[in-house]
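# Secondary and tertiary structure notes
Residue strings, one per chain:
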Amino acid sequence: MTSGLWELVLEGLWTTVQLLMFSALLGAAVAFAVGIARTHRRWPVRFLAGCYTEVFRGTSALVMIFWVFFVLPPAFGWQLVPMWAGTLALGLTYGAYGAEIVRGALGAVDPAQREGGIALGFTPGQRLRRILLPQAVPEMIPPFSNLLVELLKGTALVSVMGLGDLAFSGNLVRLALQESAEIYTYVLLLYFVVAFLLTRLMRGLEHRLKAGLR
């Protein structure tokens, strides 16, 4: 490939990385908010959080991107650029999966720890911050690592909006060169490198959190 075509691919890679970061931040915020709400003592809160989880886990991420980009803005008079439409759709969708990870990890904390917090006179918020989350977060890291890799692969869906991510840029280069095997091999390798770095980063974070807990 010429330097210009490589530049196009690298620009697509940078767009994918940005989309991944923005979507992951939104997804993490949604996951913790909804996951904690799933364990709330009041049933209306648990019910609403459960409805959110079921809706977004039960719908296609691709169709959600279409809906956020083509349906939502005209209905409210907004105008979303593809980057933010993709961030919103992916963040909300994968945040629903992350919420189940948070709920499961909080539920796995030894009940005696909760009872100890109650005995010490902690409020529910204090029990969550001081007892439950410090023990649950390290257990969330491995499944969150897998979810982050799935999110990376899900970013390729935004190419349907014309966003110049890695998949979109790779396809443009393929059309320019009329060479599929070489270009798609490069694209696969770039996705693999990013996924490998993500898993290494999350594994290091897991070890640090568990060391701090000990």
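Residues numbered from 1 in each chain as written. Predicted model: local features only at pLDDT ≥ 70, side-chain atom pairs only at ≥ 80, totals over all residues. Heavy atoms only, no water.

### A word on the environment of S60
Locating S60 in the fold gives a position in the loop between α2 (43-57) and α3 (61-76). The sequence separation of S60 and F70 amounts to 10 residues, and the corresponding C-alpha distance is 15 Å. (Helix = DSSP H or I, 4+ residues; strand = E, 2+ residues; numbered from the N terminus.)

### Some details on the packing of helix α1 (residues 3-37) against helix α7 (residues 166-177)
Packed helices, taken two at a time, are described by their axes: the angle between them and the distance between them. Direction vectors running N to C along α1 and α7 enclose 160°, while the axes themselves pass 7 Å from each other. Classed by the angle they form, the pair α1 and α7 counts as roughly antiparallel. At the point where α1 passes α7, the crossing takes the right-handed sense. In this structure, α1 contributes L5, L8, V9, G12, L13 and T16 to the contact, and α7 contributes L166, S169, L172, V173 and L177. Tallied by class, the residues present in the contact of α1 with α7 amount to 8 nonpolar, 3 polar and no charged. (Axes fitted to C-alpha atoms, helices over the stretch in contact; angles between N-to-C directions. Parallel < 35°, antiparallel > 145°, perpendicular 65-115°, else oblique. Left-handed = near helix turned anticlockwise from the far one by under 90°. Contact = heavy atoms within 4.5 Å. Nonpolar A, V, L, I, M, F, W, Y, C, P; charged D, E, K, R; others polar.)

### Quick notes on the environment of V149
Within the secondary structure layout, V149 lies in helix α6 (residues 124-154). Remark: the alpha-carbon pair of V149 and G77, spanning 72 residues in sequence, is separated by 34 Å. Ignoring any residue separated from it by four or fewer positions in sequence, one finds V149 in contact with A195 and T199.

### Here we look at the side chain of E100
Counting through the fold element by element, E100 comes out in helix α4 (residues 82-107). Judged by relative accessible area, which is 17%, E100 ranks as buried. Polar contacts involving the side chain of E100 include one to the side chain of R103, which spans 3.0 Å. When neighbours within four sequence positions are excluded, E100 is seen to be in contact with R38, T53 and R57. (Buried < 20%, exposed > 50% of the residue type's maximum accessible area, 1.4 Å probe, protein only. Polar contact = N/O pair within 3.5 Å; in protein donor to acceptor, adjacent residues only side chain to side chain.)

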